[in-house]
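In case you want the letters, here they are:
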Amino acid sequence: MALINCTECGKQVSDKARKCPNCGHPINLRMTTERQTPVRQPQQQTQIIVNQQGSNGTGTAGFVFALLALFLSWIPIFGWILWFFGLLFSFFGLFTSPRSLAVVGFIISIIDLIILFTVVAGVAALFAGIFA
Ligand SMILES: [Zn+2]
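Residues numbered from 1 in each chain as written. Predicted model: local features only at pLDDT ≥ 70, side-chain atom pairs only at ≥ 80, totals over all residues. Heavy atoms only, no water.

Caption draft 1: Unusual backbone geometry, seen in detail. Ser97 connects to Pro98 through a cis peptide bond whose omega is -5°. Topologically, Pro98 is positioned in the loop between helix H3 (78-93) and helix H4 (100-131). (Helix = DSSP H or I, 4+ residues; strand = E, 2+ residues; numbered from the N terminus.)

Below, the structure written as C-alpha cells:
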C-alpha cells in the first residue's frame, strides 16, 4: 500500500482508495504510474554503458594464461597447456570489447611460442648430443 497526494486537496490518501476521504474527489491512479515511467529510461542507458565498460573475462583469462606461460613455458606439458589456453582465450577475447588485454595476451602467446620452440629445440639438441 502506497500513499499518494489527492489531486484536489493535497491530502495523503491510500492508492487503494477510490475516493479521497477528505474531499470526496476520485483518486487518479495515473499520477503514480506517470511518476514511475521516466525513471526506467536512465537505468537502461546506464546498463548499456556498464556493458560497454565491462570487463572482458575471456580476454583477461587469455592474458593471465599467456603471462603464466611466459614464465612457466620451460616446464614440459604444463607450460604447453598454459600456452594453449592463453592463445585460445586471447583469440576468442579479441571478439569481445574491451580487447586491450586480449591483444596483449595474444602477443604474449606468440612470444611464448617462440620461447617454447627454443626450449623444445634446445632439449632436442641436448638429447641429440647425448644419444649421438
Ligand atoms: Zn482530497
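Caption draft 2: Just the coordination of the zinc ion, in detail. Coordination of the zinc ion by the protein involves Cys6 (SG), Cys9 (SG), Cys20 (SG) and Cys23 (SG), with metal-donor separations of 2.3 Å. Every donor counted, the four donor atoms about the zinc ion form angles of 107 to 115° at the centre, which fits tetrahedral coordination. Spacing between the donor residues of the zinc ion along the chain follows C-x2-C-x10-C-x2-C. On the criterion of sequence distance, the pair formed by Cys9 in the loop between strand S1 (3-5) and strand S2 (12-14) and Cys20 in the loop between S2 and helix H1 (30-53) is long-range, its members being 11 residues apart. (Donors = N, O, S within 2.8 Å, 3.2 Å for Na, K, Ca; no water. Tetrahedral: all angles 85-135°; square planar, octahedral: opposite > 155°, others 65-115°.)

Caption draft 3: Structural view of the packing of aromatic side chains. This structure, assessed with the given rule, holds seven aromatic pairs. Relative to Phe85, the ring of Phe84 has its centre 6.2 Å away and its plane inclined at 65°; by these criteria the two rings are edge-to-face. Of the residues examined, Phe85 reaches a relative accessible area of 33% and is grouped as partly exposed. Look at Phe91 and Phe106: their rings are 6.3 Å apart centre to centre, the planes differ by 40°, and that puts the pair in the tilted class. Taken together, the residues Phe91 in helix H3 and Phe106 in helix H4 connect sequence positions 15 residues apart. (Phe/Tyr/Trp six-rings, centres within 6.5 Å; stacked < 30°, edge-to-face > 60°. Buried < 20%, exposed > 50% of the residue type's maximum accessible area, 1.4 Å probe, protein only.)

Caption draft 4: Layout of helix H2 (residues 57-72). The first and last C-alpha atoms of H2 sit 22 Å apart over 16 residues, in line with the 22 Å expected at 1.5 Å per residue. Along H2, the residues classified as buried are Gly59, Gly62, Ala66 and Ala69. Each buried residue of H2 lies within a common arc of 90° when the element is viewed along its axis, so the set occupies one face. Packed against the buried residues of H2 are H3 and H4. (Expected span 1.5 Å × (residues − 1). Arc of directions from axis to C-beta. Contact = heavy atoms within 4.5 Å.)

Caption draft 5: View of H4. If you check H4, its first and last C-alpha atoms are 46 Å apart, about what 32 residues at 1.5 Å a residue would give, namely 46 Å. Among the residues of H4, Ala102, Gly105, Ile108, Ser109, Asp112 and Leu116 are the ones counted as buried. On its buried side, H4 packs onto H2 and H3.

Caption draft 6: Quick peek at the packing of H2 against H4. Running from N to C, H2 and H4 cross one another at 25°; their axes reach a closest spacing of 8 Å. By the criterion of interaxial angle, the relationship of H2 to H4 is roughly parallel. Every pair of crossing elements has a handedness; the one defined by H2 and H4 is left-handed. Contacts between H2 and H4 involve Gly59, Thr60, Gly62, Phe63, Ala66, Leu67, Ala69 and Leu70 from the former and Leu101, Ala102, Val104, Gly105, Ile108, Ser109, Ile111, Asp112 and Ile115 from the latter. Across the contact of H2 with H4, the residue classes tally to 11 nonpolar, five polar and one charged. (Axes fitted to C-alpha atoms, helices over the stretch in contact; angles between N-to-C directions. Parallel < 35°, antiparallel > 145°, perpendicular 65-115°, else oblique. Left-handed = near helix turned anticlockwise from the far one by under 90°. Nonpolar A, V, L, I, M, F, W, Y, C, P; charged D, E, K, R; others polar.)

Geometric values such as these leave the question of function open.
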